[in-house]
Amino acid sequence: MMQDVDFAYSDGTVALRRINLGINKGDFVAIMGQNGAGKTTLIRTLNGLLRPTNGTVFLDGQDISNKTIANLSQKVGIIFQNPMHQLFSNTVEEEINFSLKSLDISKEEIKSRINTILKQFDFIRYRERSPFNLSGGESKKLAIASIVCRNPDILVFDEPTLGQDEKEINFIINLLNSEITKGKTIIIVTHNIEFTMEYIPRTVLMRGGQIVADGPTEYVLTNQNLIKNTSMVLPYIQQFKIALQQVGINIPDEIFKKQDVIEYLSEYLKNYSLDVKEGSN
Amino acid sequence: MSLEFLNAFKFLKRDTFLHNLDPRSKLLFALIYTVGALLFTEIIPLTFLFISLIPIILSGRLLNKWIKSLRGLSFLYILIIILNTLFIPENGFSFAIAMVLRISIMVSAFSVFFLTVDPNDLALSLISMKVPYEFAFSFSLAFRFVPTISIEAQNIIDAQQSRGYEMKKSGIINQIKNLFPLLVPLIIGSIKRAFNVAEALESRAFGSNKDRTFYFSIKYSYKDWIFTIYLLVMLFLLIFIRIEFNSMPSWFSWGFPL
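Residues numbered from 1 in each chain as written. Chains lettered and ligands numbered in written order. Predicted model: local features only at pLDDT ≥ 70, side-chain atom pairs only at ≥ 80, totals over all residues. Heavy atoms only, no water.

Asker: Is there a simple way to explain the sheet that holds strand S10 (residues 210–216) of chain A in this structure?
Answerer: Hydrogen bonding along the main chain pairs the strands of a sheet, whether they run parallel or antiparallel. Residue and element names in this part refer to chain A. Spatial ordering of the open sheet is given by S6-S7-S8-S3-S9-S10, a layout of 6 strands whose pairing is mixed. Each edge of the sheet is formed by a strand with only one pairing partner; in this case those strands are strand S6 (76–79) and S10. Pairs of neighbouring strands in the sheet enclose a mean axial angle of 15°, with direction left out of account. Two strands pair when backbone bridges link them, and S6 and strand S7 (residues 154–158) are joined in this way by 4 bridges, in the parallel orientation. Bridging from a neighbouring strand, Gly77 pairs with Leu155 of S7. Taken strand by strand, helix H5 (residues 136–148) contacts S6 and S7, and its axis lies near 175° from that of S6. Docked against the sheet, helix H6 (residues 166–181) engages strand S3 (28–33), S7 and strand S8 (185–189), running at close to 145° with respect to S8. (Pairing = 2+ DSSP bridges. Helix = DSSP H or I, 4+ residues; strand = E, 2+ residues; numbered from the N terminus. Axes fitted to C-alpha atoms, helices over the stretch in contact; angles between N-to-C directions. Contact = heavy atoms within 4.5 Å.)

Spelled out as structure tokens, the structure:
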């Protein structure tokens, strides 16, 4: 939880203003907003990389101001946007091993976790490969694996879908779902409005270092004024619904996911064609 | 850990006497102060030289940045003082203080240079000194990337700390080993960036024409000449003091009794 958090960089740039944000265990939250809105700064205060200039960040009800980054990183795992900022080892296996070494666990446990994570991320075949010989998408996957293997309670992703192809995005979606079912809290910083609309139930919208909206995604991301004020574009599905509305087809607000809209429309069109048949008789 | 002290070397555009000087006169300033610092191993002349920097720094309104750059070297200062005091049998502490002053003078001189010289002007001044354009451009480009690399280094530190990396480890071997998670991504990232920049330049026909024109020009003004004369007089004075050091008053070679 964040209470009245302000943050200013040493050059005087104010990045966060009066942030009050509560995230419960098991929540799945997107943080969105234009560039420079303060999204990345906000997540960096969660594990102590940045310390608020005012206000308090609480983790499990405890003030984190006197806790070390090493200590907080066991609970909060942040996966940064650029995977190349993390990777340095000779092999994929060593890269995962580096993340596990700082945890207070036995060698056997480290070995077992490495095997599990390599299998989960389909990296068995790349075990001995240099991380620098992986493709962009695979590097990103490895950076994610090197945090997920530490099993933190809170997983924070900075732009996980950036530069990923469809297969890699599907992998991330499956991973997120599996972590959610394990009871993990997931926070995602993203510009990908379609991804958020489809998969993330809660959205926090930021502008100029402040939170301007926080609520169910289907309300936040369909609010035309909010979206316009944060320099974003309405999700395609919402634009489609508005276009349909203009020709007299009203899809209820609670239907906002792609598949649900398709099903609603096919049902609607079935009735419509029936009406036409009945009318022609 | 923060690499904010690197910002103390980042150019900041301002309208001051020092900022408006020609980059060549500021390069001469940095070189003469470096030579001056290297001429002496005694505390008193180095202290004078150090003090003579202060009005120049004040004229560029750089006091805070300068203090930050010196503060960033505090670890090195402590190391110099401890090692010299322990391993130099006679007047080790005095020598250590002199070395701290020497480094401070050199760092301050170059810090003033980097803080007040626009990378574009640097390339122009090198060209005016007959340095080939390719070399001048590469030098100014390297100069321009210092803040970018410092931001990247900070991101790498943050990313590694997020997976349990600890900055401080005991033992020299462990400390050296501990640098790998930071240096490998930084070096690889820098090499990749260098290739990208090279490709981007080539795709814009860099070097296709030997005789090129320049949008901006630099000029050695009367202020630069005054500053240059001051620097040259100071250099001759320093060389004279060095040669005639034995005939100088005895307090010139004062040191701590350690």
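Asker: Hey, could you run me through helix H6 (residues 92–116) of chain B in this one?
Answerer: Side chains of residues three or four places apart in an α-helix project in the same direction, reflecting 3.6 residues per turn. Spanning 25 residues, H6 of chain B covers 36 Å between terminal C-alpha atoms, matching the ideal 36 Å at 1.5 Å per step. Burial within H6 of chain B is extensive, with 18 of its 25 residues counted as buried. (Expected span 1.5 Å × (residues − 1). Buried < 20%, exposed > 50% of the residue type's maximum accessible area, 1.4 Å probe, protein only.)

Asker: Sorry, what's going on with the pattern of salt bridges here?
Answerer: Between side chains of opposite charge, pairing is possible as soon as their charged atoms come close. All names here are of chain A. Under the defined criterion, the tally for this structure stands at 16 salt bridges over all chains. Taking the shortest distance from any N to any O, the salt bridge between Arg18 and Asp4 comes out at 3.7 Å. Note that Arg18 is positioned in strand S2 (residues 14–21) and Asp4 in strand S1 (residues 2–8), a separation of 14 residues in sequence. Judged by its relative accessible area of 30%, Asp4 is partly exposed. Of the charged contacts, one joins Arg125 and Asp122 as a salt bridge, the two residues approaching to 3.2 Å between their closest N and O atoms. Looking at Arg125, the relative accessible area reads 57%, which means it is exposed. Residues participating in the shared-partner salt-bridge network are Asp27, Arg202 and Asp214. (Salt bridge = Lys/Arg side-chain N within 4 Å of Asp/Glu carboxyl O.)

Asker: Would you take a moment to explain the nonpolar core for this structure?
Answerer: Most often, soluble globular proteins keep nonpolar side chains buried together rather than apart. Judged by nonpolar contacts, the single largest core of 55 residues is most densely connected at Ile96, Phe121, Ile144, Phe157, Leu176, Ile188 and Leu221 of chain A. No other element matches the 6 residues that H6 of chain A contributes to this core. There are two domains that each give this core at least three residues, and those are domain 1 (2–231) and domain 2 (235–281) of chain A. Beyond its immediate sequence surroundings of up to four residues, Ile96 of chain A is in contact with Ile114, Ile117, Leu118, Leu142, Ala145, Ser146 and Cys149 of chain A. Ala37, Ile80, Val107 and Leu115 of chain B belong to the second-largest nonpolar core, a separate cluster that totals 45 residues. (Core = buried A, V, L, I, M, F, W, Y, C linked by side-chain atoms within 4.5 Å. Domains from an automatic or database assignment.)

Note that all results are geometric; they support no functional claim without further evidence.
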